[in-house]
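Structural features, examined
Now for the letters of each chain:
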Amino acid sequence: MMPLMMEFMAPHRLWGLAIIPIIAVLYVVLAFRTSRPRPMSSRLRLVVPKDAAWKRHGAVLLALLSLAALIIAWAIPKDYVDQPRDRATVVVSIDVSWSMEAKDVEPDRLVAAQNSAKAFVDSLPPRFNVALVSFAGTADLVVPPTIDRGVVHRAIDSLLLAPSTAVGEGVYRSLDALKLVPPDPDNPDDVAPAAIVLLSDGATNIGRSSGGAAEKAKEQNVPVYTIAFGTDNGYVEQDGQRQRVAVDHWELSEIARLSGGKKYAAESAGQLNEVYEAIRQSVGSERVPAEVTDRYAGLAIIFAVLAAMGVISLGARWP
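All values reported here derive from a predicted model rather than from experimental measurement. (Residues numbered from 1 in each chain as written. Predicted model: local features only at pLDDT ≥ 70, side-chain atom pairs only at ≥ 80, totals over all residues. Heavy atoms only, no water.)

**Looking at the side chain of Ser116**
Among the secondary structure elements, Ser116 is positioned in helix α4 (residues 109-123). Judged by its relative accessible area of 3%, Ser116 falls in the buried class. Within the structure, the side chain of Ser116 is placed 3.1 Å from the backbone oxygen of Ala113, a separation counted as a polar contact. With sequence-adjacent residues up to four places away left out, Ser116 is seen in contact with Leu272, Asn273 and Tyr276. (Helix = DSSP H or I, 4+ residues; strand = E, 2+ residues; numbered from the N terminus. Buried < 20%, exposed > 50% of the residue type's maximum accessible area, 1.4 Å probe, protein only. Polar contact = N/O pair within 3.5 Å; in protein donor to acceptor, adjacent residues only side chain to side chain. Contact = heavy atoms within 4.5 Å.)

Pasting the structure below:
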């Protein structure tokens, strides 16, 4: 009933829990004494049915649980709850290498990524700044951090394919974009949390190491959420020949691990939408301590009601 490592605002009050085993022992002693065989008239056997013992024991147990929950509530417990963030910065970094032309995801990888990215941007809180980075052989800051969703939409629609894949450069350029975040007018000295959402399907074949970029992101407390997009059977046609463009899950997993983020995989536009929703929940909320006294007070009421029903059942001789 009580999570491990829970914190309390008045922990000294938990000493009240010591009364519960005392009451339990007292009840067991009294129950043992009264359970000894005694002569009983036929009329008394009708009044006290033989199967009433389990109801009595259950009612006492529920009453003790209710008392325990009340004492825990009295100690004012704290727990961590999800609270929506008011302000943050999200850099959407999209791979525009030629492998994104593969049609294993309808209508093709890039178009599916563009559509889902726009829906993801729209789902973020209005005060979140959003930046857009594209990368292939090099990485470009397409849109600096802004709250103007229309600008980001038009920039996403204008993305064009290019040769090579420099995933590490995409992460580095995303970190550079965070330096351009405008200060909060209400709290100019506060630094809003930030995260990078990186969508790619291929392995790095040019530029700086993606592992080094991920470690740099970790130093700056910027988690990178990577999305491995596409299937292992994807291919593109070059000079009339098919070239397989399988997704490199290992590299994207390492980037997420080293940066403190999380790696996702999506093999369809529908799955990509689900992944973006999971990321939105991660970057759009934060775990904060909060008083949860009402949670245990509610449990105490439930146990007390059940215990009362058990006692009434004994008195009313319910079946």
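Once the structure has been displayed, the description carries forward.
**A few points about the pattern of salt bridges**
Within this structure, the stated rule accounts for nine salt bridges. Ionic pairing is found between Asp104 and Arg109, a salt bridge with its closest N-O pair at 2.8 Å. Classification of Asp104 by relative accessible area gives partly exposed; the value is 24%. The exposure class assigned to Arg109 is buried, which follows from its relative accessible area of 0%. The salt bridge involving Asp157 is made with Lys118; its shortest N-O contact spans 2.7 Å. Of this pair, Asp157 sits in helix α5 (residues 149-157) while Lys118 sits in helix α4, placing them 39 residues apart in sequence. On the basis of relative accessible area, Asp157 is assigned to the partly exposed category, the value being 46%. Each of the salt bridges in this network shares a partner with another, and the network as a whole consists of Asp104, Arg109 and Asp201. (Salt bridge = Lys/Arg side-chain N within 4 Å of Asp/Glu carboxyl O.)

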